[in-house]
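Residues per chain, in single letters:
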Amino acid sequence: MFVGLAPEINQSRELMTITDTKASHSLFLEVSCAGMAEVDGLYVPSNAPPARSESGTLSAAGYWNGKPAWDRADGQGTRSPAISYSNSYRSWRIARLDGHLAYEITCDDALPPTGQPWNVYKMGIAPAPSVTLHYCDPRLPCPQPNIVFILGGPGAGKGTMCELANIQLGWTHLSTGDLLRAELKTTSPTTALIRQFIDAGKLVPDEIVVGLLKDAIESTIRQTGNRNFLIDGFPRSFGNLDAWYEVFGRDGDLPKMIYFECPLDELTRRILGRAQYSGRSDDNVESMRLRFETFKAETLPIIEHFRNQNRCTEIDTSQDRVSVYALLREQLADQTDELSLARPLGEHAEILLGLRPYPDKG
């Protein structure tokens with residue numbers, strides 16, 4: 001029986017265990033708007049050599065006190081890691097170039113908080129900075145997304161099924177209408193241009209709409225790591241598709257499409273039923289007919305175009321919602337991680353599927 005091991009052997013074995021079970025992380029941080037410009041900038045996974053922290057925890061590649069750690073990307077900082085977690089103070093901390101600590105935030109989060117205000121520490125200067133997390137190196141081109149277009153007539157269930165895929169399977173749901181409304185709430189140059197078209201009673205140019213899609217896709221990938229996207233109600237016309245080529249290029253394959261097919265009678269029944277609580281001015285018989293005529297004239301040819309390229313899968317959405325979601329889940333399974341596929345239905349998903357009633361707001 002061994003009574004003990006020499007201290008250096010104990011430390012070596014402990015380090016081997018940590019480094020074998022934790023590969024260096026690949027997240028990037030961007031610090032901005034700090035009271036001192038030297039703190040602002042990009043931070044990369046730390047390459048500090050293994051050492052014991054002030055709490056006695058042995059570090060591993062890219063980690064400090066068991067949580068990810070970062071160094072300045074320009075290599076100018078004298079402290080490594082420059083951003084790390086302190087077990088003793090239970091806080092995330094950011095260092096100045098000279099190694100003194102400038103900003104901190106007290107919490108136990110696994111990663112530095114990006115939506116909370118930081119505090120000015122001993123050697124810091126107000127205001128405290130903002131922190132943005134990147135799941136890929138922002139100096140490099142954005143990784144390619146995995147995109148599926150979702151099309152169907154008005155009332156076919158596109159929004160409901162995309163929302164289910166978002167909350168249950170982790171797919172990001174993008175709608176051009178939502179993106180335009182969100183952009184109008186900002187103060188960017190694009191906002192002013194969009195408002196000019198809307199105020200003049202004109203459609204927003206396809207190139208602007210697709211540009212918003214591209215920006216949303218890239219920011220989602222960089223800030224969440226999620227590369228799976230469902231684009232709801234796009235492309236509705238060949239003008240949409242031409243703009244897609246202009247913005248995304250013609251070199252790669254077109255995204256796949258899932259077409260929610262549903263008879264006109266069923267669509268009409270759903271729209272009229274929805275009209276009782278939707279509050280939408282176009283949820284009436286006349287508007288429904290006009291929308292469906294537009295769909296047949298402009299969108300069905302697009303669907304046929306994707307069919308001819310063997311890039312379109314059809315789902316009969318006249319079935320009950322549980323059956324439709326099962327078919328959609330099956331179509332997305334190959335690109336969905338196993339953890340999401342195994343996730344049991346949440347309360348909101350059951351409400352969307354009609355498995356439980358909407359909560360009584362009274």
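Residues numbered from 1 in each chain as written. Predicted model: local features only at pLDDT ≥ 70, side-chain atom pairs only at ≥ 80, totals over all residues. Heavy atoms only, no water.

Cis geometry is found at the peptide bond from alanine 126 to proline 127, where omega equals 5°. In this structure, proline 127 sits in the loop between β9 (119-120) and β10 (130-134). Of note, the bond from phenylalanine 234 into proline 235 is cis; its omega dihedral lies within 30 degrees of zero at -5°. For proline 235, the position within the fold is in the loop between β13 (228-232) and α6 (238-248). (Helix = DSSP H or I, 4+ residues; strand = E, 2+ residues; numbered from the N terminus.)

Here the focus is the sheet that holds strand β15 (residues 312-316). The 5 strands are arranged β12-β13-β11-β14-β15 in an open sheet whose pairing can be described as parallel. Two strands bound the open sheet, and with one partner strand each, they are β12 (172-175) and β15. On average, each strand axis in the sheet is inclined to that of its neighbour by 25°, with strand direction left out of account. Direction of pairing for strand β11 (residues 146-152) relative to strand β14 (residues 256-261): parallel, over a ladder of 5 bridges. Residue valine 148 lies in a different strand from β14, and its bridge partner there is lysine 256. Its contacts with the sheet put helix α3 (residues 176-184) on β12 and β13, and the angle it makes with β12 is roughly 75°. (Pairing = 2+ DSSP bridges. Axes fitted to C-alpha atoms, helices over the stretch in contact; angles between N-to-C directions. Contact = heavy atoms within 4.5 Å.)

Turning our eyes to something else, we now look at the pattern of salt bridges. In this structure the tally under the stated criterion is 12 salt bridges. Across the pair arginine 181 and aspartate 178 runs a salt bridge whose closest N-O atoms are separated by 2.7 Å. Taken together, the positions of arginine 181 and aspartate 178, both in helix α3 and 3 residues apart, correspond to about one turn of that helix. Overall, the relative accessible area of 42% leaves aspartate 178 in the partly exposed class. As a salt-bridge pair, glutamate 293 and lysine 296 come within 3.3 Å of each other at their nearest N and O atoms. Taken together, the residues span about one helical turn, with glutamate 293 and lysine 296 both in helix α8 (residues 285-308) at a distance of 3 residues. In this structure lysine 296 comes out as partly exposed when scored by relative accessible area, which is 36%. It is possible to trace a salt-bridge network through shared partners that takes in Glu266, Arg269 and Arg270. (Salt bridge = Lys/Arg side-chain N within 4 Å of Asp/Glu carboxyl O. Buried < 20%, exposed > 50% of the residue type's maximum accessible area, 1.4 Å probe, protein only.)

You can see serine 86 is positioned in strand β6 (residues 83-86). The exposure class of serine 86 is buried, given its relative accessible area of 0%. Only 3.0 Å separates the side chain of serine 86 from the side chain of glutamate 54, close enough to count as a polar contact. When neighbours within four sequence positions are excluded, serine 86 is seen to be in contact with Glu54, Asn65, Ser91 and Arg93. (Polar contact = N/O pair within 3.5 Å; in protein donor to acceptor, adjacent residues only side chain to side chain.)

Time to look at helix α2 (residues 158-169). One turn of an α-helix holds 3.6 residues; hence residues three or four places apart share an orientation. Given a rise of 1.5 Å per residue, 12 residues ought to cover 16 Å, and the 15 Å separating the end C-alpha atoms of α2 matches this to within 8%. Every buried residue of α2 is accounted for by Lys158, Met161, Cys162, Leu164, Ala165, Gln168 and Leu169. Projected down its long axis, α2 carries its buried residues within an arc of 155°, all on one side. The first or second residue beyond α2 is glycine 170, which carries a positive phi of 80°. (Expected span 1.5 Å × (residues − 1). Arc of directions from axis to C-beta.)

Note that threonine 268 resides in helix α7 (residues 264-278). Along the backbone, threonine 268 and glycine 155 are 113 residues apart, and their C-alpha atoms lie at a distance of 7.6 Å.

On to a nonpolar patch on the surface. Judged by side-chain polarity, Val322, Leu345 and Leu355 come together as a nonpolar surface patch covering roughly 230 Å² of accessible area. For leucine 355, the position within the fold is in the segment after α11 (347-352). Of the residues examined, leucine 355 reaches a relative accessible area of 49% and is grouped as partly exposed. (Patch = residues over 30% accessible without salt bridge, like charges linked within 9 Å, V, L, I, M, F, W, Y side chains within 5 Å. Areas by Shrake-Rupley, 256 points an atom, 1.4 Å probe, with all protein chains shown as cover.)

What follows deals with the environment of aspartate 109. Secondary-structure assignment places aspartate 109 in the loop between β8 (101-106) and β9. The spatial distance from the C-alpha of aspartate 109 to the C-alpha of serine 91 is 8.8 Å, given a sequence separation of 18 residues. Setting aside chain neighbours within four positions, we find aspartate 109 in contact with Lys67, Trp92 and Gln116.

Glancing now at the pairing of β14. Pairing of β14 with β15 involves 5 bridges; the strand directions are parallel. Each bridged residue has a counterpart across the sheet, and for methionine 257 the counterpart in β15 is cysteine 312.

A separate point is the packing of aromatic side chains. Summed over the entire model, instances satisfying the criterion amount to 9 aromatic pairs. When the centroid spacing of 5.3 Å and the interplanar angle of 65° are considered together, the rings of tyrosine 85 and tryptophan 92 count as edge-to-face. Note on accessibility: tyrosine 85 and tryptophan 92 belong to one class, buried. Taking the centre distance of 5.1 Å and the plane angle of 80° together, the rings of phenylalanine 149 and tryptophan 244 count as edge-to-face. Of this pair, phenylalanine 149 sits in strand β11 while tryptophan 244 sits in helix α6, and the two are 95 residues apart along the sequence. Overall, the relative accessible area of 0% leaves phenylalanine 149 in the buried class. Site record: aromatic cluster; members linked through ring pairs are Phe149, Phe234, Trp244, Phe248 and Phe306. Over the face of the ring belonging to tyrosine 85 we find lysine 67, whose NZ or CZ atom lies 3.9 Å from the ring centre. A cation sits over an aromatic face here: lysine 214 above phenylalanine 248, 6.0 Å from the ring centre. (Phe/Tyr/Trp six-rings, centres within 6.5 Å; stacked < 30°, edge-to-face > 60°. Lys NZ or Arg CZ within 6 Å of the ring centre and 35° of its normal.)

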